[in-house]
Amino acid sequence: MSKIDYLRGNEAAAMGAKLARIGFMGAYPMVPSSEVMETIRTYIEKGELKAGYVEADGEKASHLATFGAAATGIRAFNATSSQGLAFMHEGLHMHAGSRMPTVIAIANRSLFVPQGIHCDHTDTISQRDTGWLQIHCETIQEVLDTLIQAYKISEHKEVRTPVFVCYDGYFISHSLERVAVPAQEEVDRFLPPYDPEEWNKTVPDGLPVFTSFGFLDNWFMEFKYIQWRGVEAAKQVIAEVDEEFGKRFGRRYGGLLDPYLTRDAEVILVTTGSHTSTARFAVNVMRKTGRRVGVIKIRSFRPYPREALCEAVGASQAKAVIVLDRIFNGAYTDEVKSALYPLKDRPMVKGFICGLNGRDVATYNMIDMAMQGFEMVKKGSLDQEVEYYFLRRREDQGNA
Amino acid sequence: MLKKYEELFSVKEEFMLPCGRSCPGCGGGIITRFALKAVEGKNFVLSSGSCGTNTTGIFPIGPMARVGVPVTMLGAFGGVFSGIREALNVTGREDATVLGIVGDGDAADIGFGLLSGMIERRHKVALIIQDNQGYAATGGQRSGTTPLKAWTRTTPDGKKQPPKQLPFIFMAHDIPYTATAAISHPEDLFAKIKKALKPENQPSLIQALSPCVPNWKIDPKRTIEVARLAVETGFWPLYEYERGSFRRTVFIKEKKPLQEFLKLQGRYAHVTEEDIRDIQHYMDELERKIEGYLRFYSQEI
Amino acid sequence: MKIVKTFYETVDLVKRGDFDFGWRPETIEDLCQEGPRCLPSRGAPASVTPDFMMREYLPKFHKEKCNRCGTCWVFCPLGIIYEEEDGSYDYEVEFCRACGICAHECPTQAIEMVRLIK
């Protein structure tokens with residue numbers, strides 16, 4: 001039986017990890033995700049969680065400790081953001097290539113220069129080619145649930161790929177929400193203990209450890225092919241795990257993506273992360289005025305839900321797709337365009353770069369963007385493919 | 001067999017297979033062979049990407065096929081060993097040994113920060129540093145432990161700075177056990193590895209001198225002779241520090257002239273008289289430091 | 001897989017659509033098929049031993065001069081020297097890289113590096 005609690009995003013991530021019965025955490029503080037490691041530490045001190053803990057001397061060391069622990073065959077966890085995630089980059093390739101299931105919680109934050117601690121997706125977009133899976137969460141309840149789902153996805157024998165569970169820094173990590181916390185027994189039924197497979201146990205006295213590959217010149221491509229297949233298999237697995245979670249706990253998040261009122265929509269907004277909630281509200285407002293708008297939330301960023309997106313957009317009557325891009329160079333827009341390429345009647349795709357370093361994207365901003373979408377449809381063309389949205393003017397300088 | 005090699009002969013089995021890609025005459029082979037004998041091929045032996053990869057080879061064939069050794073990327077061993085150690089502890093396997101064989105470039109340069117953090121957190125790991133005094137696997141560039149005036153690909157006029165002395169650095173971290181060793185004194189090396197594996201002595205670190213045939217430009221058959229002369233000229237003093245007591249393990253009564261050591265190596269072919277004086281001066285300073293530690297730790301001060 | 005030598009043979013193959021697309025591995029175990037099969041007695045694969053390496057010299061162990069000190073066994077970087085029942089030493093030829101350390105270190109000069117006649 002779930003109990004109701006009031007949790008912040010970081011606490012929900014830590015709670016999810018505790019319910020998933022992690023065996024190890026490598027930790028290094030990083031704003032805005034430090035509370036995750038601190039909460040896990042309190043759980044260990046209070047005896048609620050039995051896990052190894054290494055407070056490393058840097059994110060590179062903390063990730064490598066997580067990797068080492070995962071190599072011995074236990075469930076490992078880590079949490080970081082922006083600069084720390086960038087520092088781990090080299091090890092992330094090794095980790096994904098080693099096919100070891102791990103989950104890292106990421107509180108999305110912008111990268112330095114300029115210095116900023118607020119929400120931005122530049123940190124995780126920079127890791128999109130490491131081979132890790134990425135799931136973005138919209139609400140705090142989703143963070144807790146996705147963290148439990150993430151271990152099941154990651155440890156699935158077709159997938160065996162590590163996962164980032166991402167949520168917006170400060171918007172989700174530090175705000176408070178009423179959350180239903182599932183009971184440990186129910187989570188145990190959903191998520192069995194981690195059993196590293198036979199091929200991991202190669203050391204003579206049976207200690208499970210992954211023996212990583214040295215120079216594999218002749219078979220490099222084949223190895224990568226098997227790795228890639230694991231990521232592709234995740235498309236199916238993410239949807240299945242979400243469905244099963246929905247059946248057991250009553251909450252589902254749409255699997256790879258979550259379309260909202262898109263079936264008859266003329267303009268579709270595509271969002272990732274917490275401003276999806278604002279977008280849903282904006283869609284409701286516009287529907288009341290007679291405008292047919294819908295929103296698609298991209299939940300799984302890697303593997304990118306190309307087929308699902310094509311299906312959702314193709315089934316609608318959208319002529320314009322507006323992508324809310326929280327990355328300074330419009331990378332989400334590129335992904336959407338590339339995914340929609342196979343459609344016969346391709347809609348126009350426009351990207352608005354908005355919300356960098358936590359700048360608010362309010363309801364009226366989204367309504368404005370949707371209205372621009374309608375103008376695009378009327379005109380039949382768009383003037384700029386990617387545009388920075390709502391920059392301050394020089395006249396605003398006095399009002400910080 | 002010779003009495004002094006009795007300990008070495010106690011483990012006759014060879015755990016390292018001869019099929020790797022190391023150069024003919026590579027000193028690293030001796031270090032790996034005896035390190036594996038010391039753990040009797042069991043437990044965790046880890047290596048990291050460097051010349052160690054040549055002795056680790058291609059999984060699952062290769063020299064470590066009998067042992068099964070994880071290879072990490074360069075600069076990573078400090079974090080990975082910490083994680084492995086804690087994970088083993090939390091799953092009730094505190095008695096499993098974690099033995100790492102890493103290169104000098106990894107320990108002294110790229111992985112130095114992480115190594116320092118791992119020692120500071122006192123994770124029970126034994127480390128053997130295969131010191132060939134340069135980045136040998138990438139072609140022989142200078143590293144933090146390249147000695148003064150030595151030729152490398154990035155110091156063609158001779159290195160102008162003295163090397164890092166890793167045992168001294170980690171004595172300042174209050175590491176329980178640290179020592180220098182050389183492949184020419186394998187009985188000393190083996191005894192030190194055995195001491196490094198004792199749980200009360202961990203974390204431990206042994207810096208073992210291992211001449212590199214292509215990068216020191218020596219005749220492959222003289223690998224052991226070069227290492228022996230390094231010790232006997234006082235260039236590479238052998239000492240150990242064990243939980244508050246510091247001692248020399250091989251005492252050279254009459255040091256051989258430095259020139260005997262230098263003339264066997266092509267990497268010192270360019271040295272002038274002034275360079276030799278500088279090298280000798282550095283060696284004298286090193287001797288003074290050792291004397292100082294001997295007095296300090298025997299509490300004569 | 002056909003190994004095609006000439007331009008026109010290739011053009012012909014393309015016209016006929018006669019391509020062998022090769023084998024796709026399904027599991028990690030498929031990748032390492034070579035390993036277990038090519039392991040001779042001590043587990044070292046023949047493909048990376050110096051069998052095909054050019055060796056100009058090879059050691060020759062003169063058993064009558066051997067004083068059973070074990071120095072050669074200690075210093076071989078590959079560990080291919082082994083002790084026989086009578087206490088003298090011999091080595092595994094197929095793995096030797098002819099570095100010459102055993103010959104140089106032997107105190108009684110019982111090991112000689114002999115030039116191979118090619």
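Residues numbered from 1 in each chain as written. Chains lettered and ligands numbered in written order. Predicted model: local features only at pLDDT ≥ 70, side-chain atom pairs only at ≥ 80, totals over all residues.

## Focus on the overall build of chain A
Consideration 1: Counting its regular elements, chain A contains 13 helices and 15 strands.
Consideration 2: Against the 2.2 N^0.38 benchmark of 21 Å for 400 residues, chain A shows a C-alpha radius of gyration of 21 Å, consistent with a compact globule.
Consideration 3: Expressed as lengths along the three principal axes of its C-alpha atoms, the size of chain A is roughly 70 × 50 × 45 Å.
Consideration 4: Within the span of chain A, comprising 400 residues, buried residues form 56% of the whole.
Consideration 5: For chain A, the proportion of contacts with a sequence separation of at least 24, taken over those separated by at least 6, is 80%. (Helix = DSSP H or I, 4+ residues; strand = E, 2+ residues; numbered from the N terminus. Rg over C-alpha atoms; globule rule 2.2 N^0.38 Å. Buried ≥ 20, exposed ≤ 12 C-beta atoms within 10 Å, placed from the backbone. Contact = placed C-beta atoms within 7 Å.)

## So, the overall build of chain B
Consideration 1: Of the regular secondary structure elements, chain B holds 12 helices and 8 strands.
Consideration 2: Computed over the C-alpha atoms, the radius of gyration of chain B is 18 Å, within 12% of the 19 Å expected from 2.2 N^0.38 for a compact globule of 301 residues.
Consideration 3: On the principal axes, the C-alpha backbone points of chain B span a range of 60 × 50 × 40 Å.
Consideration 4: Taking all 301 residues of chain B together, 58% fall into the buried category.
Consideration 5: Sequence-distant contacts in chain B: of pairs separated by 6 or more residues, those separated by 24 or more amount to 71%.

## Regarding the nonpolar core
Residues and elements named next belong to chain A.
Consideration 1: The biggest cluster of nonpolar side chains holds 220 residues, and the ones touching the most others in it are Leu147, Val165 and Leu269.
Consideration 2: The greatest single-element share of this core, amounting to 8 residues, is contributed by helix α7 (residues 140-155).
Consideration 3: Beyond its immediate stretch of four places on either side in the chain, Val165 contacts Val103, Ala105, Ile106, Ile135, Cys137, Val143, Thr146, Leu147 and Ala150. (Core = buried A, V, L, I, M, F, W, Y, C linked by C-beta atoms within 7 Å.)

## Concerning α7(A)
Residues and elements named next belong to chain A.
Consideration 1: With 16 residues, α7 extends 23 Å between its outermost C-alpha atoms, agreeing within 8% with the 22 Å of an ideal straight helix rising 1.5 Å per residue.
Consideration 2: Within α7, the axis deviates most sharply at Thr146, by approximately 25°.
Consideration 3: Counting buried positions along α7 gives 15 out of 16 residues, so the element sits mostly inside the fold. (Expected span 1.5 Å × (residues − 1). Bend = angle between axes of the 7 residues up to and from the residue.)

## Concerning the sheet that holds strand β2 (residues 71-72) of chain B
Residue and element names in this part refer to chain B.
Consideration 1: The mixed open sheet is built from 8 strands, whose spatial order is β2-β1-β3-β4-β6-β5-β7-β8. Only two strands of the sheet have a single partner each, and these edge strands are β2 and β8 (245-250).
Consideration 2: In the sheet, strand β7 (residues 238-242) pairs with β8 via 5 bridges, with the strands oriented antiparallel. From the neighbouring strand, Glu242 faces β8, where its bridge partner is Ser245.
Consideration 3: Contacting β4 (126-131), β5 (177-182), β6 (204-209), β7 and β8, helix α8 (residues 186-196) runs over the sheet at an angle of about 160° to β5. (Pairing = 2+ DSSP bridges. Axes fitted to C-alpha atoms, helices over the stretch in contact; angles between N-to-C directions.)

## Here's the deal with the pairing of strand β6 (residues 133-136) of chain A
All names here are of chain A.
Consideration 1: Judged by which residues are buried, β6 turns out to be covered on both faces: Leu133 and Ile135 on one side and Gln134 and His136 on the other are all buried.
Consideration 2: Direction of pairing for β6 relative to strand β7 (residues 163-168): parallel, over a ladder of 4 bridges. Paired with Leu133 across the strands is Val163, a residue of β7.
Consideration 3: A crossover links β6 with its parallel partner β7, the connecting element being α7, and its sense is right-handed. (Right-handed = clockwise from strand over helix to strand, strands pointing away.)

## Topic: the domain arrangement of chain A
Residue and element names in this part refer to chain A.
Consideration 1: Domain boundaries in chain A define domain 1 (3-249) and domain 2 (257-399).
Consideration 2: On a C-alpha basis, the centres of domain 1 and domain 2 stand 28 Å from each other.
Consideration 3: With 26 residues of domain 1 at the contact, the number on the domain 2 side is 20 residues.
Consideration 4: Broken down by secondary-structure element, the contributors of at least two residues to the side of domain 1 that touches domain 2 are α6 (122-125), β6 and α9 (220-249).
Consideration 5: Residue contributions to the side of domain 1 that touches domain 2 peak at 5 residues, all from α9.
Consideration 6: Per-class residue counts for the side of domain 1 that touches domain 2 are 11 nonpolar, 9 polar and 6 charged. (Domains from an automatic or database assignment. Nonpolar A, V, L, I, M, F, W, Y, C, P; charged D, E, K, R; others polar.)

## Focus: the pairing of strand β10 (residues 267-271) of chain A
Residue and element names in this part refer to chain A.
Consideration 1: Burial analysis of β10 places 5 of its 5 residues in the buried class, the great majority of the element.
Consideration 2: Where β10 lies against strand β11 (residues 293-298), 5 bridges are found, and the strand directions are parallel. Among the inter-strand pairings, Val270 is bridged to a residue of β11, identified as Ile296.
Consideration 3: Considered for its hand, the β-α-β crossover made up of β10, helix α10 (residues 275-288) and β11 is right-handed.

## Concerning the confidence of the model for chain A
Consideration 1: Looking at chain A as a whole, its pLDDT mean stands at 90, while 94% of the residues score no less than 70.
Consideration 2: Low pLDDT, under 50, characterises residues 201-207 of chain A; the predicted model gives this stretch 11 contacts beyond four residues in sequence or across chains. (pLDDT = per-residue confidence, 0-100.)

## Looking at the environment of B:Ile193
All names here are of chain B.
Consideration 1: With respect to the helices, strands and loops of the structure, Ile193 is situated in helix α8.
Consideration 2: Between the alpha carbons of Ile193 and Asp174 there is a distance of 19 Å; along the sequence they are 19 residues apart.
Consideration 3: Beyond its immediate chain neighbours, meaning those up to four positions away, Ile193 contacts Phe34, Ala35, Ala38, Ile128 and Ile206.

## Brief notes about the environment of B:Glu200
Consideration 1: With respect to the helices and strands, B:Glu200 occurs in the loop between α8 and β6.
Consideration 2: In this structure, the C-alpha to C-alpha distance between B:Glu200 and B:Pro176, residues 24 residues apart in sequence, is 7.6 Å.

## Topic: the packing of helix α1 (residues 9-19) of chain A against helix α2 (residues 34-46) of chain A
Residue and element names in this part refer to chain A.
Consideration 1: One can describe the packing of α1 onto α2 by two numbers: an axis separation of 8 Å at closest approach and a directional angle of 45°. Relative to α2, the element α1 is oriented oblique. Of the two possible hands of crossing, α1 and α2 adopt the one that is right-handed. Judged by residue contacts, Asn10, Glu11, Ala13, Ala14, Ala17 and Lys18 of α1 engage Glu35, Val36, Thr39, Ile40 and Tyr43 from α2. (Parallel < 35°, antiparallel > 145°, perpendicular 65-115°, else oblique. Left-handed = near helix turned anticlockwise from the far one by under 90°.)

## A few points about the packing of α7(A) against α9(A)
Pairs of packed helices are described in terms of their axes, by the angle between the two and the distance that separates them.
All names here are of chain A.
Consideration 1: Contact geometry for α7 and α9: axes closest at 10 Å, N-to-C directions at 130°. When the interaxial angle is binned, α7 and α9 end up oblique. Judged by the sense of rotation from one axis to the other, the crossing of α7 with α9 is right-handed. Only Ala234, Val237, Ile238, Val241, Asp242 and Phe245 of α9 make contact with α7, whose side of the interface consists of Asp145, Gln149, Lys152 and Ile153.
Consideration 2: Partitioned by chemical class, the residues of the contact of α7 with α9 number 6 nonpolar, 1 polar and 3 charged.

## Quick notes on helix α3 (residues 59-71) of chain A
Consideration 1: Over its 13 residues, α3(A) extends 18 Å from the first C-alpha to the last, a length consistent with the 18 Å expected when each residue adds 1.5 Å.
Consideration 2: Here α3(A) lies mainly inside the structure; 13 of its 13 residues are buried.

## Some thoughts on the sheet that holds strand β5 (residues 102-108) of chain A
Consideration 1: An order of β3-β2-β4-β5-β7-β6-β12 (chain A) is seen for the 7 strands of this open sheet, with the pairing classed as mixed. Where the open sheet ends on each side, the last strands, each with one partner, are β3 (52-55) and β12 (300-302) of chain A. Neighbour to neighbour, the strand axes of the sheet diverge by 20° on average, direction disregarded.
Consideration 2: As defined by bridge partners, strand β2 (residues 24-27) of chain A adjoins strand β4 (residues 76-80) of chain A across 2 bridges and the pair is classed as parallel. Bridge pairing links A:Phe24 to A:Ala76 in β4(A).
Consideration 3: Relative to β3(A), helix α4 (residues 77-90) of chain B is tilted by about 155°, and along the sheet it contacts β2 and β3 of chain A.

## Digging into the confidence of the model for chain B
Consideration 1: Scored by pLDDT, chain B comes out at a mean of 89, with 93% of its residues at no less than 70.
Consideration 2: The complex prediction reports pTM at 0.88, with the ipTM value standing at 0.89.

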